[in-house]
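# Structural characterization, general
So you can see what is in the structure, the chains are spelled out below.
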Amino acid sequence: MNGAHVNNKGDTVVMSSLPEKPPPKYEEEKLKYPKSVFFIIGNEFCERFSYYGMRTILSLYLSQALRYSETTSTVIYHTFVMLCYFTPVLGGIMADSWLGKYKTILYVSIFYALGNIVLSVSSISILNIPHATLSLVGLFLIASGTGGIKPCVSSFGGDQFVLPQQESQLQRFFSVFYFSINAGSVLSCFLTPLLREEVKCFGQENCYPLAFGIPAALMCLSLVIFICGKPLYKIRKPNGNIAMDVAKCVSHALVRKVQTQKMEKKNHWLDYAAPKCSLKLIEDTKILMRIIFLFTPTIIFWALYDQQGSKWTFQANNMDGSINGWFTVQPDQMQTINPVLCLIFIPIFESAIYPFFHKIRLIRTPLQKLSWGGILAAVAFLISGFLELQIEKDKAIVPNVGEAQLRFYNTFNCPIHIELPDVHVNHTLAALDTTEFLHLTVSDKKILSIEAYIDKSCDNNSSSLYSGKVELRSKEISSYIFTSPLSLQILNITGSGEVQKSNQGFPKLKILYSQKESLEVQLKGPTNPTIHVNNYQSLVTEIKERGKYYVIVNGKNMNKSIELLPGGFYTYLITNKDQDGKLLTITRPNSVNLMWQLPQYFVITFAEIMFSITGLEFSFTQSPDSMKSVISSIWLLTDSFGNIIVLIVAGMKIFDSQAYEFFLFAGLMTIVMILFILIAMRYKYVEVKSEENETEDSRSKKWKKNVISPFCIKLCVYICT
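As named in an unreviewed UniProt entry, the chain is Oligopeptide transporter 1, taken from Rhodnius prolixus. Quoted verbatim from the Subcellular location (unreviewed entry) heading of the UniProt record, the comment on the chain is "Membrane". Looking at the chain in UniProt, the text filed under Sequence similarities (unreviewed entry) is "Belongs to the major facilitator superfamily. Proton-dependent oligopeptide transporter (POT/PTR) (TC 2.A.17) family."

### Quick notes on the overall build of the chain
Helix and strand content of the chain: 18 helices and 19 strands. Per-residue burial over the chain gives 55% buried out of 721 residues. Accessible surface for the chain amounts to roughly 31,400 Å². Of this, 60% is attributable to carbon and sulfur atoms.

### Examining the sheet that holds strand E10 (residues 487-492)
Ordered in space as E6-E3-E9-E10, the four strands form an open sheet in which the pairing is mixed. Two strands in the sheet have a free side with no partner beyond their single neighbour: strand E6 (434-441) and E10. On average, adjacent strands in this sheet sit at an angle of 25° to one another, irrespective of strand direction. Sheet topology places strand E3 (residues 403-410) next to strand E9 (residues 477-483); six bridges connect them, and they run parallel.

### Observations concerning unusual backbone geometry
Look at the link from Ala274 to Pro275: it is a cis peptide, with omega at 0°. A cis geometry characterises the amide bond from Ser484 onward to Pro485, with omega recorded as -10°. With respect to the element layout, Pro485 can be found in the loop between E9 and E10. Despite not being glycine, His424 has its phi angle at roughly 60°, a positive value. One can find His424 in the loop between strand E4 (416-420) and strand E5 (425-429). Here the phi dihedral of Leu432 falls at roughly 50°; this positive angle occurs in a residue that is not glycine. On the basis of relative accessible area, Leu432 is assigned to the partly exposed category, the value being 22%.

### Here's the deal with the nonpolar core
Formed by 128 residues in total, the largest nonpolar core has its most connected members in Tyr51, Met54, Phe80 and Leu367. Per-element accounting of this core gives the leading share, twelve residues, to helix H1 (residues 36-65). Each of two domains, domain 1 (31-240) and domain 2 (278-329 + 359-394 + 590-687), supplies a minimum of three residues to this core. With residues up to four places along the chain from it excluded, the contact list for Met54 reads Phe80, Asn116, Leu119, Leu139, Ile142, Phe212 and Pro215. Cys414, Phe437, Val470 and Phe482 belong to the second-largest nonpolar core, a separate cluster that totals 25 residues.

### Topic: the sheet that holds E5
Strand order in the open sheet made by the four strands is E5-E4-E7-E8, with antiparallel pairing throughout. Strands with a single pairing partner mark the edges of an open sheet, and in this sheet they are E5 and strand E8 (465-473). Mean inter-strand twist for the sheet, computed between neighbouring axes without regard to direction, equals 25°. Here E4 pairs with strand E7 (residues 445-454) via four bridges, running antiparallel. The residue of E7 that forms the bridge with Ile418 is Ala452.

### What to know about the packing of helix H2 (residues 70-86) against helix H3 (residues 88-99)
With their axes 5 Å apart at the nearest point, H2 and H3 run at an angle of 20° to one another. Considered as vectors, H2 and H3 are oriented roughly parallel to each other. Across the interface between the two elements, Leu83, Cys84, Tyr85 and Phe86 from H2 touch Pro88, Val89 and Leu90 from H3. Of the residues contributing to the contact of H2 with H3, the split by class is seven nonpolar, no polar and no charged.

### Focus on the state of the cysteines
For the coordinates displayed, the defined rule picks out one disulfide. With a sulfur-sulfur separation of 1.9 Å, Cys201 is cross-linked through a disulfide to Cys207. When the S-S torsion is 110°, as for the bridge of Cys201 with Cys207, the disulfide is right-handed. Cys207 matches Cys201 in its accessibility class, with the two residues each being buried. Considering cysteine sulfurs only, Cys249 is the nearest to Cys277, which forms no disulfide, with 4.3 Å between them.

### Description of the packing of aromatic side chains
Enumeration according to the criterion identifies 34 aromatic pairs in this entry. Centroid distance Phe161 to Phe173: 5.5 Å. Interplanar angle 50°. Geometry classified as tilted. Of this pair, Phe161 sits in the loop between helix H5 (131-159) and helix H6 (167-198) while Phe173 is found in helix H6, placing the two residues twelve residues apart along the sequence. The class for Phe161 is buried, based on a relative accessible area of 1%. In this structure Phe173 comes out as buried when scored by relative accessible area, which is 0%. Look at Phe356 and Phe357: their rings are 5.4 Å apart centre to centre, the planes differ by 70°, and that puts the pair in the edge-to-face class. Judged by its relative accessible area of 25%, Phe357 falls in the partly exposed class.

Here is what the cut-offs are and how they apply
- Residues numbered from 1 in each chain as written.
- Predicted model: local features only at pLDDT ≥ 70, side-chain atom pairs only at ≥ 80, totals over all residues.
- Heavy atoms only, no water.
- UniProt positions renumbered as here; feature names shortened; annotations may be inferred.
- Helix = DSSP H or I, 4+ residues; strand = E, 2+ residues; numbered from the N terminus.
- Buried < 20%, exposed > 50% of the residue type's maximum accessible area, 1.4 Å probe, protein only.
- Areas by Shrake-Rupley, 256 points an atom, 1.4 Å probe, with all protein chains shown as cover.
- Pairing = 2+ DSSP bridges.
- Axes fitted to C-alpha atoms, helices over the stretch in contact; angles between N-to-C directions.
- Core = buried A, V, L, I, M, F, W, Y, C linked by side-chain atoms within 4.5 Å.
- Domains from an automatic or database assignment.
- Contact = heavy atoms within 4.5 Å.
- Parallel < 35°, antiparallel > 145°, perpendicular 65-115°, else oblique.
- Nonpolar A, V, L, I, M, F, W, Y, C, P; charged D, E, K, R; others polar.
- Disulfide = S-S within 2.5 Å.
- Phe/Tyr/Trp six-rings, centres within 6.5 Å; stacked < 30°, edge-to-face > 60°.

The structure is reproduced here in structure tokens:
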């Protein structure tokens, strides 16, 4: 096979501490750093700003604006990400076989920009258009666009270097390339949630059109920057239909192996493709097959990593984002932490951490970096699982199939004794309070007898005895209120949604009044909503800001303020419109601070640096010249399959508890990395061959000459050619 392999002393063993084979020595050449890569890095910065800015707010857009359920939003989100990492295979084949990397990036970017524009327009609620359908069309165009250019941009940047003379510069390029990805991600992940939350537009509370529009503008800018650098680029011609060549090589080898293996023995099954296929194609296909086999276990890593935008964001939505009361972090802004940490730690890993671990012989090869990165990802999900266990203590308890719940409110300033003989309940309901009975068995609908009486210790002139019926329904919460004279009024018998936390993490408030007459209740505080009460109750209202509120009933100010906290579900019980009511907590507010997500973000960032950057570099350096985009796309394809795993697990709903699902992924990651280490121990590295180089000065002079022409003329020429 072409290229030298590592020695047989264990150099490629992932956890090996044995000495490493010294790199081959080449004649030193002073080659200038290619200026063309700065256009590629600038293009990548803008494109990643566009992609991550859109993706950061996508899951909340699906659940809040398009009203999909949390499970459906997760499925759509990961289907989109899966497509983003599946289409690179098509982009890689197009680049290596037909169009070349430059034209592939150029043409596909146009679809990419169009998809961003469609998504932004579809989020304008005042337009009479099919918002959900157009949003999905926009997402499909974006997935096709970003997937089409993903395998080409990094390998196109690698093409600008002369190997092996500029190998160290190439390694730094991939770090700077990844740095630009995270720089764009940092800005967009911070900016787009602010635009979504703080700006009001088109009569909407949340300005999704602007939050999606800024990424669309950056994608158009990305295209312009890429075109401007054309005179400096080293553009390689495609190598023919490499995908078809590989398919013929594999099929011919399999057929001949079956036909002739008894007559002749070969060292490798692909050797049977000779002489119909060239030796170079056979050797390149062997490399391709080894890399595919090696990459297979890495699929699980992406199943974990991409849940930052879905499951971890929904986890953040059930936490308290307040920082000492003076600033509130939005749930989708937590995704900013990952790229910020990447920006900070990529230089630290390159300058300090990797050299230290290389010196102590713990991490010396790319496959060792990949292995430790996978292990750290498992640790990150263990941390998120334990955090979720704490968060679940604050979650609302809702009935499952075959269960019902029953809730009573007491508007008397006296305790009420309640008896439900059909379910063996005997309970005393405190004055001006509420109580609930959980997990009552019911197949579909059930009628229960109830007896109630006011405590004899109270001096109450109203009737002190009540006897009647209450209704239960499967998967629902039945709510009743005791009013004077002692009677029981139905509030709701299909009210399972009246204990659920807000999808946006806001406080929720319902007002009850002991009389049937109407009331107008105003809150004065961070926001000033007006709530109308009819027939004992109001509708459930989401309060857009946490904080203290003063209550005004029919124009009269109450003496006491109430405090509403994120994620809490509250009932404000009024028994006399001239007196203060009582605030009852139905569902506990979010008590776990959002900053407790930081440890898992730190660990997943360390995992990403060791895994993703190394994978990009490994894909480029170990692939044959004719297959660089294809193998880069295969590396990205593992991300697509990872999202398919998330879809399967989400669809199966194996666990009721999200924490156990996190533990499942951590366990899968650990098992898979053990398999990866065993495979990596047998992998033989391919040595990079020297290549000819068009001088940097000649391309620079060409660029200086060409930019004299008016930009608009050059733009047309580049698009056409």
